[in-house]
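Per-entry structural report
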Amino acid sequence: MILTVTMNPSVDIAYQLNTFHLDTINRVLETHKTPGGKGLNVTRVLSQVGEQVMATGLLGGKIGEFIQAELDKVPIKHAFSSISGETRNCIAILHEEQQTEILEQGPNITEEEGQAFLTHFENLLDKISIVVISGSLPKGLSSDFYAQMVALCVKHQKSVVLDCSGQELVEALTADVKPTVIKPNMEELSQLLEQDISGDIPSLKEALKEEIFQGIEWVIVSLGANGTFAKHGGIFYKVSIPKVEIVNPVGSGDSTVAGITSALFHGESDADLLKKANVLGMLNAQEKQTGHVNMDNYATLFKQLKVEEV
C-alpha cells in the first residue's frame, strides 16, 4: 500500500463566475468543494489509476470532518491525526479564463500535536510500502519536520517521494538521510542552488551534479511544456512530450508525483517511470477538476512520449 502525507490540507472551494468585480456583489454560477492539498491531489490520482492508497496528515474541526466524509465517499482509506485547530479553506475564483486564489494559512500546530503525529506516522509505516510527502508545513512545525519524517521512513526501509520547496526541502536534502525522489521545478531548482538555471541540457546536468543532490536516487525536474529532465543515479534523461490542449494545469505536478510513486511501487523501468509520471501530469491538465485524470486517454499519450538518455 502507498501512504500519502498532507500536513496542511484544505477544503478547496471553486467558484465559477462569468465576470469578477471588486467592491460589489458577485453571484456564483457553480460551486465545487473537494478535499485539497497537494498530498490529497496525489491520493486521488493514485486511487484513479487503481493503486491501494491511504491518506494521512493533520485534520481538525468541522472542515476536517468534511474532508474525511468526502474521502469515505470515494472510498479512499485514511488515518489522520487530530488537532485542536480548524483545517483551512482555500478558495479559487474562476472567471474569464483567469483564476484568482484566496488561501487561508491554516491552523497553528502545537509541539505536542507535532510529536503525536510523528508517533502516529511511524506506527503506519509497517502497513505500507512507499511514502509520498507533499506540500507545505502548517504553522508551528519546525522546518526540519519533513527531514524527521524521512528519517523514520529510512529507519523502516521505506522509499519516500518528497515534493516540497523552500527551507523544508533544504533541511531534507542536507540531513544525514535522504529521500528517494525529489521533484523540483525550474524555479525551485534555481532557489535551491541560489542561481538562475537555464533549461538547456548541459546547464541542467551541471546543476544536478551539485553536492546538495548527492545521495538522492532520483531528481526529476519539471520543465513545463518542455517535458522533464531527470537524474537517476549517474544517468541523465530528457523527456519530450507532445503538445496538448490545457484546460486546468493546477494539480498537474501532483499527478506527476502520483505517476512517479506508482511506477516505483511496481518496480517499473526508468523510461516507463518517466513516461507514466508525465502522462498523468498531462492528463490532469486536460481536465477541469484538480487531481483528476481520464485513463481512457492514457495509452495514446504514453506512446507519444520520448525518453532519451543524454
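Note that this is a predicted model, so its numbers are computed, not measured. (Residues numbered from 1 in each chain as written. Predicted model: local features only at pLDDT ≥ 70, side-chain atom pairs only at ≥ 80, totals over all residues. Heavy atoms only, no water.)

**Overview of the packing of helix 8 (residues 252-266) against helix 9 (residues 270-285)**
Note the threshold: The angle between two axes is taken between their N-to-C directions and runs from 0 to 180 degrees, where each axis is a line fitted to C-alpha atoms and a helix contributes only its stretch in contact. Numbering of helices and strands starts at the N terminus; helices are DSSP runs of H or I of at least 4 residues and strands are runs of E of at least 2. Here the angle decides the label: under 35 degrees means roughly parallel, over 145 means roughly antiparallel, 65 to 115 means roughly perpendicular, and every other value means oblique. Note on convention: the crossing is left-handed when the near helix lies turned anticlockwise from the far helix by less than a right angle, right-handed when the turn is clockwise. Working rule for contacts: check all heavy atoms of both residues, and any pair within 4.5 Å makes them a contact. Residues are grouped as follows: nonpolar covers Ala, Val, Leu, Ile, Met, Phe, Trp, Tyr, Cys and Pro; charged covers Asp, Glu, Lys and Arg; every other residue, Gly included, is treated as polar.
Orientation of helix 8 relative to helix 9, taken along the N-to-C sense of each, is 150 degrees, at an axis distance of 7 Å. Here helix 9 runs roughly antiparallel to helix 8, going by the angle between their axes. In this structure, helix 8 crosses over helix 9, and the sense of that crossing is right-handed. Of helix 9, the residues touching helix 8 (which contributes Ser252, Ser255, Thr256, Ala258, Gly259, Ile260, Ser262, Ala263, Leu264 and His266) are Leu273, Lys276, Ala277, Leu280, Gly281, Asn284 and Ala285. Within the contact of helix 8 with helix 9, the residues separate by chemical class into 8 nonpolar, 8 polar and 1 charged.

**Considering the UniProt feature "domain: Carbohydrate kinase PfkB" (unreviewed entry) in the chain**
Here is the rule we go by: UniProt positions are given in the numbering used here, feature names are shortened, and annotations may be inferred rather than shown by experiment.
UniProt's feature table lists "domain: Carbohydrate kinase PfkB" (unreviewed entry) at residues 6-292, given in the numbering used throughout. Secondary structure across residues 6-292 comprises 36% helix and 24% strand; the distance between its end C-alpha atoms is 17 Å.

**A look at helix 6 (residues 186-193)**
To be explicit about the condition: We call a residue buried when its accessible area falls under 20% of the maximum for its residue type, exposed when it is over 50%, and partly exposed in between, using a 1.4 Å probe and counting protein chains only. Pairing of N or O atoms within 3.5 Å defines a polar contact, subject to two protein rules: one partner must be a possible hydrogen donor and the other a possible acceptor, and residues neighboring in sequence count only if both atoms are side-chain atoms.
For helix 6, the buried fraction is high: 6 of the 8 residues fall into the buried class. Those residues of helix 6 that sit buried are Met186, Glu188, Leu189, Ser190, Leu192 and Leu193. Its side-chain oxygen 3.2 Å from the backbone nitrogen of Glu187, Asn185 forms the N-cap of helix 6.

**Topic: unusual backbone geometry**
Between Val74 and the following residue, Pro75, the backbone shows a cis peptide bond with an omega angle of -5 degrees. One non-glycine residue, Asp23, lies in positive phi territory at about 60 degrees. Note on placement: Asp23 falls in the loop between strand 2 (10-17) and strand 3 (30-36). For Asp23, a relative accessible area of 83% gives the class exposed. The residue Glu96 is not glycine, and still its phi comes out positive at about 50 degrees. As for its position among the elements, Glu96 is in the loop between strand 7 (88-95) and strand 8 (98-103). What makes Glu96 partly exposed here is its relative accessible area of 46%.

**Re the pattern of salt bridges**
Rules: Basic side-chain nitrogens of Lys or Arg form a salt bridge, by our definition, when they fall within 4 Å of a carboxyl oxygen of Asp or Glu.
With the rule as written, the count across this model stands at 8 salt bridges. Asp254 is the partner of Lys38 in a salt bridge, and the nearest nitrogen-oxygen pair spans 2.7 Å. Highlighted residues: Lys38 in helix 1 (residues 38-48) and Asp254 in helix 8, separated in sequence by 216 residues. Lys38 sits in the partly exposed class, given a relative accessible area of 33%. A relative accessible area of 4% means that Asp254 is categorised as buried. The shortest N-O distance in the salt bridge between Glu308 and Lys306 comes to 3.8 Å.

**A short note on the state of the cysteines**
Here is the rule we go by: Our working definition of a disulfide is a cysteine sulfur pair at a distance within 2.5 Å.
Inspection of every chain in the model, using the stated rule, returns 0 disulfides. Free of any disulfide, Cys90 has its nearest neighbouring cysteine sulfur in Cys164, separated by 18 Å. The closest cysteine sulfur to the non-disulfide-bonded Cys164 is located on Cys153, 13 Å from its own sulfur. Relative accessible area serves as the criterion here: at 7%, Cys164 is assigned to the buried category.

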